[in-house]
Structure formats: C-alpha cells, structure tokens
Amino acid sequence: SQTIHQWPATLVQPVGSPLSLECTVEGTSNPNLYWYRQAAGRGLQLLFYSVGIGQISSEVPQNLSASRPQDRQFILSSKKLLLSDSGFYLCAWTQGYEQYFGPGTRLTVT
Amino acid sequence: GQQLNQSPQSMFIQEGEDVSMNCTSSSIFNTWLWYKQDPGEGPVLLIALYKAGELTSNGRLTAQFGITRKDSFLNISASIPSDVGIYFCAGLTNAGNNRKLIWGLGTSLAVNP
C-alpha cells in the first residue's frame, strides 16, 4: 500500500532563517506531487505541483521554492523565511484522480 | 485562484442529527472529491465521484455528483461526536496531466453530544 511521509512534524524558525521541508511517498511510482499551505485551519492553497523529476510548476509567486530530486521525493524550501510563511504545510500525491495527503508540517515563524 | 462555493461555512448540531453540505461551481467538473480534516492532520479522502448523477455511500456518508456536473453534496446521517472536523469538497477537470484540484473553503462541523 502507498504511504506518504512528511517531516518535520512541527518547526519553529526565526524570521530570515532558511527552510527545508521534505515529503516522500512509498509504494507508488511516478506520482504527481503537490505542496499546499493552509492558514488557520481553513482553505487549502496550492503552492507547487510536479508531474515528474525536476518538473516544478509554481502556482503562487512567493518566498518559497520546490524541488523534486527523486521520483518520490518533494522538497519545499526558502532562503529567508517571512512571518507570513507561518502555516500548516501539506504534501499530497496523486495517481489517477484521487489525491492523498501527508500528515503535514506546522511551521511557526517567529 | 478559482474556488468552489461550499456551504454552509459552519454547522453546530446535536448528536444523532443528519447533516447536509454542498458545493457549487460555475465550471463543469469530471470528478468530485469529498475530504474530512481533523485538527492538526492532513485531509482524508471520504468519497470520490466520477459520473454525473452518481450517488455513492461510505457508511453513514452519502455523496452525489450533480447532473449538471457543476455541483455536489455530502450527507452525514445520524451524526456522532467523531464526525467533528472540517469537510472539504474538491473538483477536478481532468485537463492535462497536472491533476490540479479546485477546492472549497470547507464546512466546519461541531457535534454536541
């Protein structure tokens, strides 16, 4: 069966520090991968999606970037965090029409 | 970006009551998905709908894909405390390979035991 992992689960970072969130999927190959951000427990905002290794599409201009160095690995990064980057970050994968989510990373920028 | 119109925004009900929520769009979708999110966790897929008019059940949950392909509803029968959470609808147009979902803003459900 397929599983999706995210780490870390929680993160507190100062403004201006770098960020790296990791997502990995097991039990499937060539999935579409997605990064979402959710503020205040409502509304999922799509940040990036990837249909293959090295292929990244950005949905919203922002302080973040994404990379897909391996088929089942998706990384969300920032060089310098802003207060507005705080939120709940969710990774998801799709094979077919159904999308499945990871457990999320709670990021607090102080 | 594009969003679905999901209503109601929140509901507070008594245990045992039935619940109904819906999503509408100005665009046609080929797939409708319903998710539930518990606090601090990722959304979990409840029901997937693939054909206009389709009615699908998952335990006490029933969802329908509207005939016009522009709407969907989710019903929960005989609610229990563990039904508490945020319910999201999502639509997919199947255009291209990116499989991007369009999301509603969620219905927050509270159940009074």
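Rules of the game
- Within each chain, residues carry numbers counting from 1 in the order of the written sequence.
- Numbering of ligands from 1 and lettering of chains from A proceed in the order in which they are written.
- Owing to the predicted nature of the model, reporting of local features is limited to residues with pLDDT of at least 70; listing and counting of side-chain atom pairs is limited to 80 or more, with chain, interface and lining totals taken over all residues.
- Working from all heavy atoms in the structure, the side-chain values ignore hydrogens and water.
- Only buried Ala, Val, Leu, Ile, Met, Phe, Trp, Tyr and Cys residues count toward a nonpolar core, and they belong to the same one when joined by side-chain atoms within 4.5 Å.
- Only protein chains enter the area calculation, which uses a 1.4 Å probe; residues under 20% of their type maximum are buried, those over 50% are exposed, and those in between are partly exposed.
- In this description a helix means any DSSP run of H or I spanning at least four residues, a strand means any run of E spanning at least two, and both kinds are numbered starting from the N terminus.
- Pairs of residues are marked as contacts when any of their non-hydrogen atoms sit within 4.5 Å.
- Note on aromatic pairs: the rings of Phe, Tyr and Trp (six-membered ring only in Trp) are paired at centre separations within 6.5 Å, and the planes decide the class, stacked below 30 degrees, edge-to-face beyond 60, tilted for the rest.
- The rule for a disulfide is simple: a pair of cysteine sulfur atoms within 2.5 Å.
- Buried area is understood as the total, over both parts, of accessible area removed when two parts are fitted together, assessed with a 1.4 Å probe.
- Basic side-chain nitrogens of Lys or Arg form a salt bridge, by our definition, when they fall within 4 Å of a carboxyl oxygen of Asp or Glu.
- We define a polar contact as two N or O atoms separated by no more than 3.5 Å, with the added condition that, inside protein, one atom must be a possible hydrogen donor and the other a possible acceptor, whereas residues neighbouring each other in sequence contribute only through side-chain atom pairs.
- Any residue outside Ala, Val, Leu, Ile, Met, Phe, Trp, Tyr, Cys, Pro, Asp, Glu, Lys and Arg is labelled polar, Gly included; the first ten of those are nonpolar and the last four are charged.

A word on the nonpolar core
- Within the largest apolar cluster, 22 residues are counted, with the highest numbers of intra-cluster contacts made by Trp34(B), Leu74(B) and Leu109(B).
- Put simply, the parts of the chain that give this core at least two residues each are strand S2 (10-14), strand S3 (19-24), strand S4 (31-37), strand S5 (44-49), strand S7 (61-65), strand S8 (71-76), strand S9 (85-92) and strand S11 (107-112) of chain B.
- Dropping the residues within four chain positions of it, Leu109(B) is found in contact with Met11(B), Ile13(B), Val19(B), Ile76(B), Asp83(B), Val84(B), Gly85(B) and Tyr87(B).
- Ranked by size, the runner-up nonpolar core spans 20 residues in total, among them Ile4(A), Leu19(A), Phe48(A) and Leu64(A).

Quick notes on the packing of aromatic side chains
- This structure, assessed with the given rule, holds 12 aromatic pairs over all chains.
- Following the ring pairs from residue to residue traces out a cluster consisting of Tyr34(A), Tyr36(A), Tyr49(A), Phe101(A), Tyr35(B), Phe88(B) and Trp103(B).

Some details on the state of the cysteines
- As enumerated under the stated definition, the model contains two disulfides over all chains in all.
- Residue Cys23(A) pairs covalently with Cys91(A) via a disulfide, S to S 2.0 Å. What sets the handedness of the Cys23(A) and Cys91(A) disulfide is the S-S torsion sign, and at about -75 degrees it is left-handed. Remark: Cys91(A) occurs in strand S9 (residues 87-94) and Cys23(A) occurs in strand S3 (residues 19-26); sequence separation between them is 68 residues.
- Residue Cys23(A) is classed as buried on the basis of its relative accessible area of 1%.
- At a sulfur-sulfur separation of 1.6 Å, the disulfide partner of Cys23(B) is Cys89(B). Sign of the S-S torsion, about -80 degrees for the bond between Cys23(B) and Cys89(B), identifies this disulfide as left-handed.

What to know about the interface of chain B and chain A
- With 26 residues of chain B at the contact, the number on the chain A side is 23 residues.
- Here chain B meets chain A over a buried area of about 1900 Å², counting both sides, of which 54% is carbon and sulfur.
- Counting the surface chain B buries against chain A, the share from its top three residues, Arg99(B), Lys100(B) and Trp103(B), is 26%.
- Summed over the shared surface of chain B and chain A, the result is one salt bridge.
- Linking Lys100(B) and Glu59(A) is a salt bridge whose minimum nitrogen-to-oxygen distance equals 3.2 Å.
- The interface formed by chain B and chain A contains five residue pairs in polar contact (both at pLDDT 80 or more).
- Residue contributions to the side of chain B that touches chain A peak at four residues, all from S4(B).
- Along the lines of polarity and charge, the residues of the side of chain B that touches chain A split into 12 nonpolar, 11 polar and three charged.

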